[in-house]
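# Examining the three-dimensional arrangement
Chain residues, written in single-letter form:
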Amino acid sequence: MADAREVWITGIGIVSSLGEGIEAHWEGLAKPSSADTTAFAPYVVHRAVPVDFDKQIPKKGDQRQMEAWQRIGTYAAGLALDSAGVKGNAELLAHTDMIVAAGGGERDGKVDISVLAGLRTANDRGAYLNQRLMSDLRPTLFLAQLANLMAGNISIVHGVTGSSRTFMGEEQAGVDAVRIAHARITAGQSEIALVGGAYNAERLEVILYYVLAKCLIRDRHTRLWERAATGGGMELGTIAAFLVLEEKQHALNRGAKPFARLTSIASDQVRRTPGAITGALERMWSGVAQRVEPGSAAILSGASGVEPITAEERAFVAKHPGLAVRATGTHLGHGLEPQFPANIALAAAALRHGRLFPPADESGVERTMDASLRQVVVTSIGHRRGEGLALVEAVD
């Protein structure tokens, strides 16, 4: 736990249904959810607020060649660099490393529907399909399946030219992106890193994926801990979140002020047998237990709402009654890859303000916290696989 090289969070960029920027999110966490129940009815989606992409992606040509998840991710990365005071500093950006967590590209729904409609009457379906795919899909759509294009776009638009890595794999990709960035800094392999990801939930094909997996909430917005009564489930959310992580002395040398300290990260992946999630959380908790002071600490949960997985996280929380709990899925929805970086950002915001945001449900899991906030334990339990836990602390 006592790393000689501390990791500070010196920049935050985040966009979601709560707004853009960390202060808009801090204010949004105290308000009712803005989940949309009509655009993709009967399913609930937390849609991102409109943003002026010109502010962070000035070239229209760059914007046009990106899909929505790349645009919002590149935009949030720019916000993080601005927040850290490194935007436009070519010398500093030249040794800023980058780790991005992202899924594949987006489908063109109109083309899919048109092609499927034509297949019904085509004489030679194979030839028809090949012809339509070659003529109707622009080449960049194929390239967009490569998750590392987001890292490439960030590098081009913002000039981040240190080492670059891209992780895929739903929630666990976000956990491992932050974990590797933290490990490289503490090991002396990196001094400053941009890390995060983006997810666009406003897509019919991803809603179809999770409908078929029976993972989604229907008809009305439900606060996360209260969903168990109706079988549980996710409300998808469009989220882009990036952090600037920096070695303490490096930050001090350039006069950067930290939001918080990222003290440790653990990750795991267990077979989802009964009780396994609770056990994994307890094992990861054991690594920080001696450091956590319950009177000034809280748990920020990345629970998806999917059952019985969320019930196992509730069982873990129940074993630590001294810590106030908040589930950000009530406010943000569930954004898969960027969910963990986003929750670390929200934990850092709470620590900078010195208090926890209000509880958002009446299930009994969340309670008020009047004491000053000094530590936040951030959890990530993937809806299908992967577990993670981080400790974020205030910096005096």
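For the structure itself, look to the data block above.
This write-up is about the structure you can find in this document. It should be emphasised that the depicted structure is a prediction, and the values quoted were computed from it without experimental measurement. (Residues numbered from 1 in each chain as written. Predicted model: local features only at pLDDT ≥ 70, side-chain atom pairs only at ≥ 80, totals over all residues. Heavy atoms only, no water.)

### Details of the overall build of the chain
Summing up its helical and strand segments, the chain has 15 helices and 13 strands in all. Relative to a compact globule of 396 residues, whose C-alpha radius of gyration would be 21 Å, the chain shows 21 Å and is just as compact. Every one of the 396 residues in the chain was classed for burial, and the buried ones make up 56%. Across the chain, contacts joining residues at least 24 apart in sequence account for 81% of those joining residues at least 6 apart. Element-wise, carbon and sulfur atoms account for 52% of the exposed surface of the chain, whose accessible area totals about 16,200 Å². Separation between the mean location of the 41 positive side-chain charges and that of the 43 negative ones in the chain comes to 2 Å. (Helix = DSSP H or I, 4+ residues; strand = E, 2+ residues; numbered from the N terminus. Rg over C-alpha atoms; globule rule 2.2 N^0.38 Å. Buried < 20%, exposed > 50% of the residue type's maximum accessible area, 1.4 Å probe, protein only. Contact = heavy atoms within 4.5 Å. Areas by Shrake-Rupley, 256 points an atom, 1.4 Å probe, with all protein chains shown as cover. Lys, Arg positive; Asp, Glu negative; His and termini not counted. Charge placed at Lys NZ, Arg CZ, Asp CG, Glu CD.)

### Examining the packing of helix α3 (residues 68-84) against helix α8 (residues 148-158)
Orientation of α3 relative to α8, taken along the N-to-C sense of each, is 50°, at an axis distance of 9 Å. When the axes of α3 and α8 are compared, the pair comes out oblique. In terms of crossing hand, the pair formed by α3 and α8 is right-handed. In this structure, α3 uses Trp69, Gln70, Gly73, Thr74, Ala77, Gly78 and Leu81 to contact α8, whose residues at the interface are Leu149, Met150, Asn153, Ile154, Val157 and His158. When grouped by side-chain class, the residues that make up the contact of α3 with α8 number seven nonpolar, six polar and no charged. (Axes fitted to C-alpha atoms, helices over the stretch in contact; angles between N-to-C directions. Parallel < 35°, antiparallel > 145°, perpendicular 65-115°, else oblique. Left-handed = near helix turned anticlockwise from the far one by under 90°. Nonpolar A, V, L, I, M, F, W, Y, C, P; charged D, E, K, R; others polar.)

### With respect to the packing of aromatic side chains
Scanning the entire structure with this criterion turns up three aromatic pairs. When the ring of Trp26 is compared with that of Phe357, the centres are 6.5 Å apart and the planes differ by 85°; the resulting orientation is edge-to-face. Of this pair, Trp26 sits in helix α1 (residues 22-28) while Phe357 sits in the loop between α15 (339-353) and β12 (375-381), placing them 331 residues apart in sequence. One exposure class covers both Trp26 and Phe357, and it is buried. Here Trp285 and Phe316 contribute two aromatic rings whose centre-to-centre distance is 6.3 Å and whose plane-to-plane angle is 70°, an arrangement assigned as edge-to-face. One end of the pair, Trp285, is in helix α12 (residues 276-286); the other, Phe316, is in helix α13 (residues 309-318), with 31 residues separating them in the sequence. (Phe/Tyr/Trp six-rings, centres within 6.5 Å; stacked < 30°, edge-to-face > 60°.)

### Topic: unusual backbone geometry
With omega at 10°, the peptide bond leading from Ala41 into Pro42 counts as cis. Following the sequence through the fold, Pro42 ends up in the loop between α1 and β3 (45-46). The backbone phi angle of Glu170 is positive, close to 55°, even though this residue is not glycine. Along the chain, Glu170 falls in helix α9 (residues 170-186). Even without glycine at this site, Asp219 takes up a positive phi of about 75°. Relative to the helices and strands, Asp219 resides in the loop between α10 (204-212) and β7 (236-237).

### A short note on the packing of α12 against α13
Close contact between α12 and α13 brings their axes to 8 Å; oriented N to C, the two are set at 40°. Between α12 and α13, the interaxial angle falls into the category oblique. When the axes of α12 and α13 are compared, the crossing they make is right-handed. Facing Ala276, Ile277, Thr278, Leu281, Glu282 and Trp285 of α12, the residues of α13 in contact are Ile309, Glu312, Glu313, Ala315 and Phe316. Within the contact of α12 with α13, the residues separate by chemical class into seven nonpolar, one polar and three charged.

### Digging into the pattern of salt bridges
Counting across every chain of the model gives 17 salt bridges. Of the charged contacts in the structure, one is a salt bridge between Glu205 and Arg203, with a shortest N-O distance of 2.9 Å. The burial state of Glu205 is the same as that of Arg203; both residues are buried. Between Arg283 and Asp268 there is a salt bridge; the shortest N-O distance is 3.3 Å. Residue Arg283 is located in helix α12, and its partner Asp268 is located in strand β9 (residues 260-268); the two are separated by 15 residues in the primary sequence. Using a relative accessible area of 48% as the deciding quantity, one classes Arg283 as partly exposed. Its relative accessible area of 23% is what places Asp268 among the partly exposed residues. One network of salt bridges, in which partners are shared, links Glu6, Arg261, Arg291 and Glu393. (Salt bridge = Lys/Arg side-chain N within 4 Å of Asp/Glu carboxyl O.)

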